[in-house]
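Inside the fold
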Amino acid sequence: MVLDAAGAERNDLVRLAALEVRVCLACKKCASTNRCVIKDDVNPLLDKIEEADAFVMSGYPSFGSLNALMKVFIERNWPLRHNHILTRGKTGAAVVAGSSGLDDLDLFFMHYYEGYLGMDFKGTLKLRGNVPCMTCGYGEDGVGSGFLREYGSGAKVTPDKFYDPDNDPDAKGRARALGEAVAKSLSAAWADVRQISLVSERESGYLGRSGAEVQRRREFLVSGRG
Ligand SMILES: Cc1cc2nc3c(=O)[nH]c(=O)nc-3n(C[C@H](O)[C@H](O)[C@H](O)COP(=O)(O)O)c2cc1C
């Protein structure tokens, strides 16, 4: 929904759960190369981020913080922001779903995008989520059931209790507003890029960075939650 409203020419949806994303080794070798020594699926994603004009991360709260897979990927973003902040000036937004702790994730993403990556952060779309106890098989009687905590003891897991953002006009409106904010930020960036491109044409004869390349870079990266 956010991406549709942003009207990107090209969207790439990346599901981290389908990829190999290993933990940062803290070797710091990326400080000089801007890429990671680990041979898994992360470096191609860093290429994608570097090429994109905007990217949207999504996740959910687990044990009081961002879900681990997304956090592992974010820690592997260090190559982008050491010697050079390769993401500076790009546009970012986040989508989170859950029943608690969404404000903390919003704050986390604000620091991630603005503080660490020097980006224009347009905000976090916060969505209601379905507690996992609704589908684990023990939601109606489990001692630690988040479902019973949310709906009260004796509650039954019935289809009407499942939340679907597609049937939530308010969520759709907020998604649209966030997408439009991303689009607005991009159109401002587009003007800047065209200007830089003109200057470099004159001063260095570097004609390559004309509309075609800039257009190619107008893509989004969305990282899915597990
Ligand atoms: C194992 C597991 C634990 C989770 N723990 C929490 C949690 O502690 N708090 C929370 O708000 N969401 C938690 N979530 C996320 C939501 O319950 C839910 O998965 C998310 O909101 C997305 O909803 P959907 O899966 O229905 O799209 C957890 C999800 C899973 C799979």
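These figures come from a predicted structure and were not determined experimentally.

Reading the values: rules and limits
Counting starts from 1 at the beginning of each chain's written sequence and moves along it residue by residue. A pLDDT threshold of at least 70 governs which residues receive local features in this predicted model, and a stricter bar of 80 or more applies before side-chain atom pairs are shown or counted, although totals over entire chains, interfaces and linings include all residues. Strands here mean DSSP runs of E at least two residues long; helices mean DSSP runs of H or I at least four residues long; both are numbered from the N terminus. C-beta atoms are placed from the backbone for every residue, and two residues are taken to be in contact when these atoms lie within 7 Å. Put simply, a residue is buried when 20 or more other C-beta atoms lie within 10 Å of its own C-beta and exposed when 12 or fewer do; between those, it is partly exposed, and each C-beta is set from the backbone. What the arc measures is the spread of directions leading from the helix axis to the C-beta atoms. Near residues are defined by distance alone, with the backbone-placed C-beta atom required to lie within 6 Å of the molecule or strand. Residues are grouped as follows: nonpolar covers Ala, Val, Leu, Ile, Met, Phe, Trp, Tyr, Cys and Pro; charged covers Asp, Glu, Lys and Arg; every other residue, Gly included, is treated as polar. In this scheme, strands are said to pair when DSSP sees at least two bridges between them. A right-handed crossover is one whose linking path, passing over the helix from the first strand to the second, runs clockwise when the strands point away from the viewer. What pLDDT reports is the predictor's confidence in each residue, on a scale of 0 through 100.

So, the overall build of the protein chain
Along the protein chain, the regular secondary structure elements total eight helices and seven strands. A separation threshold of at least 6 residues defines the contact pool for the protein chain, and within that pool the share at least 24 residues apart is 75%.

Digging into the environment of Asn 130
With respect to the helices, strands and loops of the structure, Asn 130 is situated in the loop between β6 (120-128) and α6 (146-151). The class of Asn 130 is partly exposed, set by 19 C-beta atoms lying within 10 Å. Residues in contact with Asn 130, not counting those within four places in the same chain, are Phe 162 and Tyr 163.

Observations regarding the environment of Val 96
Structurally, Val 96 can be placed in strand β5 (residues 91-98). The buried category is assigned to Val 96, around which 26 C-beta atoms lie within 10 Å. For the pair Val 96 and Gly 59, spaced 37 residues apart in the sequence, the C-alpha separation amounts to 5.0 Å.

Regarding helix α3 (residues 42-51)
Along α3, the residues classified as buried are Val 42, Leu 45, Leu 46 and Ile 49. Buried residues of α3, viewed axially, fall in a sector of 105°; they line one side. What points out from α3, more than 90 degrees from its buried face, is the exposed set Pro 44 and Asp 47.

A look at the site of the ligand
Close contacts around the ligand come from Tyr 60, Pro 61, Ser 62, Ala 97, Gly 98, Ser 99, Ser 100, Gly 101, Gly 129, Asn 130, Val 131 and Pro 132, and that covers them all. Taken together, the elements giving at least two residues each to the shell around the ligand come down to β3 (61-62) and β5. Residue classes in the shell around the ligand are distributed as five nonpolar, seven polar and no charged.

A closer look at the environment of Asp 41
On the secondary structure map, Asp 41 appears in the loop between α2 (30-33) and α3. For the pair Asp 41 and Glu 20, spaced 21 residues apart in sequence, the C-alpha to C-alpha distance is 5.4 Å. When near neighbours in sequence (up to four residues on either side) are disregarded, Asp 41 contacts Leu 19, Glu 20 and Val 21.

Some words on unusual backbone geometry
If you check the backbone angles, Ala 26 has positive phi at about 60° while not being a glycine. With a phi angle near 65°, Asn 34 is a residue other than glycine that sits in the positive phi range.

Focus on the pairing of β6
The sheet contact formed by β5 and β6 spans seven bridges and is parallel. In the sheet register, Val 96 faces β6, and the bridge partner there is Lys 126. In terms of handedness, the path from β5 via helix α5 (residues 102-116) over to β6 forms a crossover that is right-handed.

Concerning the confidence of the model for the protein chain
Taken over all residues, the pLDDT of the protein chain has a mean of 83, while the share at 70 or more is 83%. Here residues 193-226 scores under 50 on pLDDT; set against residues more than four positions off or in separate chains, the count is 64 contacts.

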